[in-house]
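Residue strings, one per chain:
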Amino acid sequence: MTKLSISEQIIAEKTVCILLVRGENPDGNSIYAYVAVRADRLEAFMAAQKSGTFYPEDFGVIIEAGEGEPAEDVRKKMETEYGFNHHIMVDIPSAEKAHEITTNLRRSSENNG
C-alpha cells in the first residue's frame, strides 16, 4: 500500500465510513453491527476480519448491533440519522478493496474541497 501524503492523511482521518458488518457470535448465531470507521483505519479493519476472532469496537464506534438481521426500525434510523443507504451497499471483501475505496474517498474529498 502506498504511503499517504500529509493532506491525504488529514482527509482520511476526517472521513468516516459506516459499515454493516455481519458475522456469528461464539454460540454460532448470526449477528450484525453498524460500525463507524475512520477511512484511515478501514484497511486495518478489513484485514482484522480475516484474522479470525474480530472485535469491531477496536477499530471504530458501534452505532447499532444485534442478533439476526437489522430490524426495520434500526434500518430506518441508520438511513435517516446517518445517511446509510441499504440499496447501494458495497461489499468490501478484502483490505485491498478497502484501500481502493479509501483512495477514491480521498480523491473525491480533494476534488470537492
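Please read all numbers here as calculations on a predicted model, not as lab measurements.

Undergrad: Before we move on, could you go through the overall build of the chain and cite the residues and values that matter?
TA: When you go through the chain residue by residue, the secondary structure sums to four helices and three strands. Listing each helix as α and each strand as β along the chain from the N terminus yields α-β-β-α-β-α-α. Taken across its 113 residues, the chain has 35% of its residues classed as buried. Considering only residue pairs separated by 6 or more positions, the chain has 60% of its internal contacts joining residues 24 or more positions apart.

Undergrad: So what's going on with the pairing of strand β2 (residues 30-38)? Which residues, and what values?
TA: The sheet contact formed by strand β1 (residues 16-24) and β2 spans nine bridges and is antiparallel. Within β2, the residue paired with V16 across the bridge is R38. Where β1 hands over to β2, the hairpin turn is made up of five residues, of which G28 adopts a positive phi near 90°. Of the strand pairs in this sheet, β2 and strand β3 (residues 61-67) are connected by six bridges, and their pairing is antiparallel. If you follow Y34 over to β3, its bridge partner there is E64.

Undergrad: Give a detailed account of the confidence of the model for the chain, specifying residues and quantitative values.
TA: Averaged over every residue, the pLDDT of the chain is 81; the share at 70 or more is 79%. For the chain, the element scoring lowest by mean pLDDT is helix α4 (residues 95-112), at 66; β3 scores highest, at 95.

Undergrad: Residues and numbers for the packing of aromatic side chains, please.
TA: Enumeration according to the criterion identifies three aromatic pairs in this entry. When the centroid spacing of 6.0 Å and the interplanar angle of 80° are considered together, the rings of Y32 and Y34 count as edge-to-face. Accessibility assignment for this pair places Y32 and Y34 in one class, buried. With centroids separated by 5.3 Å and ring planes inclined at 90°, the aromatic side chains of Y34 and F84 adopt a geometry described as edge-to-face. With a gap of 50 residues between them, Y34 in strand β2 and F84 in the loop between α3 (72-82) and α4 connect regions that are remote in the sequence.

Undergrad: Describe in detail the nonpolar core, supporting the description with residues and values.
TA: Counting 15 residues, the largest nonpolar core has L19, V21, V35, L42, F45, F54 and I92 as its most contacted members. Broken down by secondary-structure element, the contributors of at least two residues to this core are β1, β2, α2 (42-49) and α4. When residues in this core are grouped by element, the largest group, four residues, is from α2. Residues contacting L19, with those up to four places away along its chain left out, are A33, Y34, V35, V37, L42, F45, F84 and I92. One finds L20, Y34, V74 and F84 within the second-largest nonpolar core, a separate group that totals eight residues.

Undergrad: Please set out the environment of N29 residue by residue, giving values where relevant.
TA: Counting through the fold element by element, N29 comes out in the loop between β1 and β2. Residue N29 is classed as partly exposed on the basis of its relative accessible area of 34%. For the pair N29 and E67, spaced 38 residues apart in sequence, the C-alpha separation works out to 7.1 Å. Here N29 is in contact with G23, E24 and E67, once residues within four sequence places are set aside.

Parameters at a glance
- Residues numbered from 1 in each chain as written.
- Predicted model: local features only at pLDDT ≥ 70, side-chain atom pairs only at ≥ 80, totals over all residues.
- Heavy atoms only, no water.
- Helix = DSSP H or I, 4+ residues; strand = E, 2+ residues; numbered from the N terminus.
- Buried < 20%, exposed > 50% of the residue type's maximum accessible area, 1.4 Å probe, protein only.
- Contact = heavy atoms within 4.5 Å.
- Pairing = 2+ DSSP bridges.
- pLDDT = per-residue confidence, 0-100.
- Phe/Tyr/Trp six-rings, centres within 6.5 Å; stacked < 30°, edge-to-face > 60°.
- Core = buried A, V, L, I, M, F, W, Y, C linked by side-chain atoms within 4.5 Å.

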